Amino acid sequence: AAVAAVDPARLVGRAMDGDCHGAEQVPDLIAGASRVWMLAVGKAAAAMAHEIERRIGDKLADAIAVIPRAATTERALILKKLKKAATSERALMLERKVRVLGAGHPVPDESSEVAAHAACEMLHGAAADDLVIVALSGGASAMFTWPAEGIPLADKIAVNQAMLKAGASIRELNVVRKHLSAVKGGRLIRHCGGARVLGLIISDVPGNDLATIGSGLTAGDWSSCGDAVAVLKRRNVWGRAPESIRGYLERAVAGETDPTVKCNDPILERVTNVIIGDGEVALEGAARAAAALGYHPDRWIELRG
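1. A look at the overall build of the protein
The number of helices and strands found in the protein is 13 helices and six strands. Each of the 305 residues in the protein was classed as buried or not, and the buried ones make up 50%. A separation threshold of at least 6 residues defines the contact pool for the protein, and within that pool the share at least 24 residues apart is 81%.

Here's what the structure looks like:
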């Protein structure tokens, strides 16, 4: 019951119907757009992308789903299921609108960078009267990687692995990731051609901090480059970090690099982010099922990170 409550397609459907908290304006955003562009990233990207595609129909201009490379078997099963369910040539054509790209997880690799470049190239085609839907789920940070200028991908991977081994929390990991990125920390919004942006987000982060989920692809960033340096020093990674990393962050602290999108940036006025599912939703599903069986559930969640 808990897993069923956070089924990605179900959550997306509810949001697109305006039937969950914060999603009240979603139907109007979709209806008012000339065209819709879609980017889905994360372990639930395949299911989220299909549901969005099914509902948007002919208004969908282009779409990319970035999934874990290990999920290629799952992708094949999903496509097989969709083709069986398709009742017309038009339905089959709609399925082919979504380009599916595999990417590295939990550690980013070259395929993660390829996916980020492909998605940004697609989004550059959007215009001010369009809507960009960004569907995020767990794993998006690793699977969508574009290092900041002057940082080799190998160096960013090395820092990521060092932080994982040092026991860094997801919050700490993503503070560092977004300040070493050309797309995280809200920077993805700058690739959307001035279009309105709708984030449909399944949270795997305690507290549902938008700037932490997926390293805040569509959210304002409350952290500073100094915070990223502090994390690396606190986890004893700074001294072992590649020179490109230390040099970039030192220049960033000095104000010599392009910053992340801050929470008061006017660009965020054209962004709507909705948490469509999280641990609480799963707990609610389990609690309802337990109550129906005659139990008296005591529901709690331990927040970490």
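Now that the structure has been shown, we can carry on.
2. Topic: the nonpolar core
Within the largest apolar cluster, 35 residues are counted, with the highest numbers of intra-cluster contacts made by M38, I52, I133, L200 and I276. Of all the elements in the fold, those that place two or more residues in this core are α2 (8-16), α3 (26-31), β1 (36-41), α4 (45-56), β2 (60-68), β4 (131-136), β5 (196-202) and β6 (271-277). A126, A140, L217 and V271 belong to the second-largest nonpolar core, a separate cluster that totals 33 residues.

3. Here we look at helix α13 (residues 279-292)
The end-to-end C-alpha separation of α13 is 20 Å, in line with the 20 Å expected for 14 residues at 1.5 Å each. Buried within α13 we find V281, A282, G285 and A287. In this structure, the buried residues of α13 make contact with α1 (2-5), α2 and β6. The distance from a side-chain oxygen at the start of α13 to the backbone nitrogen of E280 is 3.1 Å, and the residue carrying that oxygen is D278. Just downstream of α13 lies G294, where phi reads positive at about 95°.

4. Structural notes on the pairing of β6
Most of β6 is tucked away, with five of its seven residues classed as buried. Here β5 runs beside β6; their pairing, made up of six bridges, is parallel. Considered in β6, the bridge of I202 is made with G277.

5. A short note on the pattern of salt bridges
In this structure the tally under the stated criterion is 13 salt bridges. Two residues, R55 and D17, come together in a salt bridge whose shortest N-O distance is 2.9 Å. Of this pair, R55 sits in helix α4 while D17 sits in the loop between α2 and α3; the two residues are 38 residues apart in sequence, bridging distant segments of the chain. Here D221 and K262 are joined by a salt bridge, their closest N and O atoms 3.5 Å apart. A residue pair is termed long-range when its members are at least 10 positions apart, and D221 in the loop between β5 and α11 (225-234) and K262 in the loop between α12 (243-253) and β6 qualify at 41 residues. Its relative accessible area of 2% is what places D221 among the buried residues. Within the structure, one salt-bridge network assembled from shared partners comprises D17, E51, R54 and R55.

6. Brief notes about the packing of α11 against α12
α12 packs onto α11 with a crossing angle of 145° between their chain directions and a minimal axis gap of 8 Å. Here α11 runs over α12; the crossing is left-handed. Each of C225, G226, A228, V229 and L232 in α11 lies in contact with α12, whose residues at this interface are I245, L249, A252 and V253. In terms of residue class, the contact of α11 with α12 is made up of eight nonpolar, one polar and no charged.

7. Some thoughts on the confidence of the model for the protein
Across the protein, the average pLDDT comes to 91, with 90% of residues at or above 70. Per-residue pLDDT stays below 50 along residues 87-94; that stretch engages in eight contacts with residues further than four places along the chain or on separate chains.

8. Structural notes on the state of the cysteines
The final tally for this structure, using the stated rule, is zero disulfides. The thiol sulfur of C192 is not disulfide-bonded, and the nearest other cysteine sulfur, from C120, lies at 7.8 Å.

9. Digging into the pairing of β1
Within β1, six of the six residues are buried, which leaves it mostly tucked inside the rest of the structure. Along β1, one buried face is formed by V36, M38 and A40 and the opposite face, lined by W37, L39 and V41, is buried too. Of the pairings in the sheet, the one linking β1 to β2 comprises six bridges and is parallel in character. In the sheet register, V41 faces β2, and the bridge partner there is V66. As judged from the six bridges shared by β1 and β4, these two strands associate in the parallel manner. For V36, the partnering residue across the bridge sits in β4 and is L131.

Calculation criteria
- Residues numbered from 1 in each chain as written.
- Predicted model: local features only at pLDDT ≥ 70, side-chain atom pairs only at ≥ 80, totals over all residues.
- Heavy atoms only, no water.
- Helix = DSSP H or I, 4+ residues; strand = E, 2+ residues; numbered from the N terminus.
- Buried < 20%, exposed > 50% of the residue type's maximum accessible area, 1.4 Å probe, protein only.
- Contact = heavy atoms within 4.5 Å.
- Core = buried A, V, L, I, M, F, W, Y, C linked by side-chain atoms within 4.5 Å.
- Expected span 1.5 Å × (residues − 1).
- Polar contact = N/O pair within 3.5 Å; in protein donor to acceptor, adjacent residues only side chain to side chain.
- Pairing = 2+ DSSP bridges.
- Salt bridge = Lys/Arg side-chain N within 4 Å of Asp/Glu carboxyl O.
- Axes fitted to C-alpha atoms, helices over the stretch in contact; angles between N-to-C directions.
- Left-handed = near helix turned anticlockwise from the far one by under 90°.
- Nonpolar A, V, L, I, M, F, W, Y, C, P; charged D, E, K, R; others polar.
- pLDDT = per-residue confidence, 0-100.
- Disulfide = S-S within 2.5 Å.

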